[in-house]
Each structure stands twice: as C-alpha cells, then as structure tokens.
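Take a look at the letters that make up each chain.
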Amino acid sequence: RGCPFTCTYCVNGTLRKKYQGLGDYHRLKSAEQSIAELRVLIDKHGFDFVRFWDEDFTSYLTSYIEHYAALYKSRIGLPFLVYSRVDTVTDEKVRILKDMGCRTFSMGIESGNESIRRDVMNRRMTDRMIIDGFNIVKSHGIRVSAYNIIGLPRETRETIFDTIRLNRTVNP
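All of these numbers come straight from a predicted model, not from anything done at the bench.

A. Examining the overall build of the chain more closely. When helices and strands are tallied, the chain shows seven helices and four strands. Listed by position from the N terminus, the elements making up the chain come as α-α-β-α-β-α-β-α-α-β-α. Against the 2.2 N^0.38 benchmark of 16 Å for 172 residues, the chain shows a C-alpha radius of gyration of 17 Å, consistent with a compact globule. The C-alpha extent of the chain, read off along each of the three principal axes, is 50 × 45 × 30 Å. Per-residue burial for the chain yields a buried fraction of 43% across its 172 residues. Here the contacts in the chain between residues at least 6 apart in sequence split such that 71% fall between residues at least 24 apart.

Quick look at the structure:
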C-alpha cells in the first residue's frame, strides 16, 4: 500500500503529500493478513491466476518475501504476476518468486534516456541497471514485460528512439 519511491509522473507523490502527517505512507500488510484476504477472494470468485497490484513487490526485504512465499505456496499455490522496479530486483528475490509460482514480471523502463529518467522522472537508474534487472528475471525463465512513456517533457525524436533502442536491448 503506497510506494517508497517518488517518481514525478506517478500519483503516489500527490497521495504522499495528501496523507502527510497521518503515519507512514508506504505500509506493509502482514503476510498472514494478505494471504487470508486472498484466500477469501479465491474461494468466492474461483480465480486461477493472481495479479498483485503492488507498485513494487521486490522492494520488500528478502526475509518478508521468503515468509510470504512459504505461506502463499501452502495456502494459495496459483500462478501470479508482480510489478517491480529494476533497481529492487535481486537474483535471490526472483528465485524465491519463481519458486512461489511467479509467471510474469512487469517493470518500468519509462524512458530509454538516462537524463530524462533522472531529471524529469526522478528515476535514478542507469541503462545498465535496467538491462541487468531484465536479465535477472529472464534468467529464471520468467516472462517480463516493460512499461514505457512517450511524450515526456524535454523529450525529442532522438530520446524517443533511445527508448525504442533500450526496449530492443532488454527484449521484453
């Protein structure tokens, strides 16, 4: 619930300001509570796939993900999709999620131009970090999709092609 990051284009920056002074904006639900709620929904609606609408599933500590995975495997056991940032992806976290049943990662490239990512979007990640993040996920045999934004402030035809080139490199 919430997001620990402050990307300029995202609603979380506005919501963080709106709820300032009311406790931590980024809150972590207990694994037990999350699994219990998920179990109710699956029993009621018969889902066969789960999409975790968490802004960045891999931003959590590895110990939390391990605990969550153990409960998920024993009580849910369905394939699922997560959203993640390339700068929070680690080989260990992806291994745990693969074993838990993860079938797809969705990660934001947003712009293939480092200057636009850094100065316009407040996403402090290099092309190398993006490439490495996608490669880690793919090395575990997990499908990975990419989010991109075209038409950003200061964007030019050339920076749009930077985005196209980076997508070709990571091959989502």
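B. Region of interest: the packing of aromatic side chains. In the structure shown here, the tally under the stated rule is 12 aromatic pairs. Judged by centre distance (6.4 Å) and plane angle (20 degrees), the rings of Y68 and Y72 are stacked. Taken together, the positions of Y68 and Y72, both in helix α3 (residues 62–75) and four residues apart, correspond to about one turn of that helix. Its relative accessible area of 0% is what places Y72 among the buried residues.

C. Region of the structure containing the nonpolar core. Core analysis: the largest hydrophobic core is formed by 37 residues, its most contacted members being F52, Y68, Y72, F80 and F105. Elements with a minimum of two residues in this core: α2 (31–45), α3, β2 (80–84), α4 (91–100), β3 (102–110), α6 (127–139) and α7 (157–170). Ranked by residues supplied to this core, first place goes to α3 with six residues. Beyond its immediate chain neighbours, meaning those up to four positions away, F80 contacts F49, V50, F52, Y72, L97, M100, G101, C102, R103 and T104.

D. The arrangement of the pattern of salt bridges in detail. Summed over the entire model, instances satisfying the criterion amount to 11 salt bridges. For R118, the salt bridge goes to D119, with nearest N and O atoms at 3.0 Å. Residue classification places D119 among the partly exposed residues on the basis of a relative accessible area of 43%. Through salt bridges that share partners, R118, D119 and R154 make up one connected network.

E. Fine view of the sheet that holds strand β1 (residues 50–51). Taken in spatial order, the four strands make up an open sheet running β1-β2-β3-β4, and their pairing is parallel. The open sheet has two free edges, formed respectively by β1 and β4 (143–148), since each of these has just one partner strand. By the bridge criterion, six bridges tie β3 to β4 in an arrangement that is parallel. Counted as the bridge partner of E110 is N148 from β4.

F. Just the environment of F49, in detail. Examined against the element boundaries, F49 turns out to sit in the loop between α2 and β1. Distance from F49 to L78, taken between C-alpha atoms, is 5.7 Å for residues 29 residues apart in sequence.

G. Region of the structure containing the packing of α2 against α3. For the pair α2 and α3, the least separation of the axes is 10 Å and the interaxial angle reads 30 degrees. Regarding the angle of α2 to α3, the classification is roughly parallel. For the pair α2 and α3, the sense of crossing is right-handed. For the pair formed by α2 and α3, the contact residues are A31, E32, S34, I35, L38 and R39 on the first element and Y64, H67, Y68, L71, Y72 and R75 on the second.

The rules behind the values
- Per-chain numbering applies: the sequence of each chain, read as written, is numbered from 1 onward.
- It should be noted that, the model being predicted, local features are given only for residues of pLDDT at least 70 and side-chain atom pairs only at 80 or more, the latter also being counted only at that level, while totals for whole chains, interfaces and linings use all residues.
- Hydrogens and water are ignored here; the side-chain numbers use all heavy atoms of the structure.
- By the criteria applied, helices consist of DSSP H or I runs no shorter than four residues and strands consist of E runs no shorter than two, each listed in order from the N terminus.
- Each radius of gyration is computed over the set of C-alpha atoms, and the globule rule expresses the reference value as 2.2 Å times the number of residues to the power 0.38.
- The buried label goes to any residue with under 20% of its type's maximum accessible area, the exposed label to any with over 50%, and the partly exposed label to all in between, with areas taken from a 1.4 Å probe on protein chains only.
- Should any heavy atoms of two residues lie within 4.5 Å, those residues are considered in contact.
- Two rings belonging to Phe, Tyr or Trp (six-membered ring only in the last case) form a pair when the distance between their centres is within 6.5 Å. Interplanar angles under 30 degrees mark stacking, angles over 60 mark edge-to-face geometry, and anything in between is tilted.
- By nonpolar core is meant a set of buried Ala, Val, Leu, Ile, Met, Phe, Trp, Tyr and Cys residues that side-chain atoms within 4.5 Å join together.
- The salt bridge criterion pairs a side-chain nitrogen of Lys or Arg with a carboxyl oxygen of Asp or Glu, the two atoms within 4 Å.
- Two strands make a pair as long as DSSP finds a minimum of two bridges between them.
- Each axis is a line fitted through C-alpha atoms, taken for helices only over the stretch in contact, and angles between the N-to-C directions span 0 to 180 degrees.
- Every angle not falling under 35 degrees, over 145, or within 65 to 115 is termed oblique; those three ranges are roughly parallel, roughly antiparallel and roughly perpendicular.
- For any helix crossing, the convention is left-handed if the near helix is rotated counterclockwise from the far helix by under a right angle, and right-handed if that rotation is clockwise.

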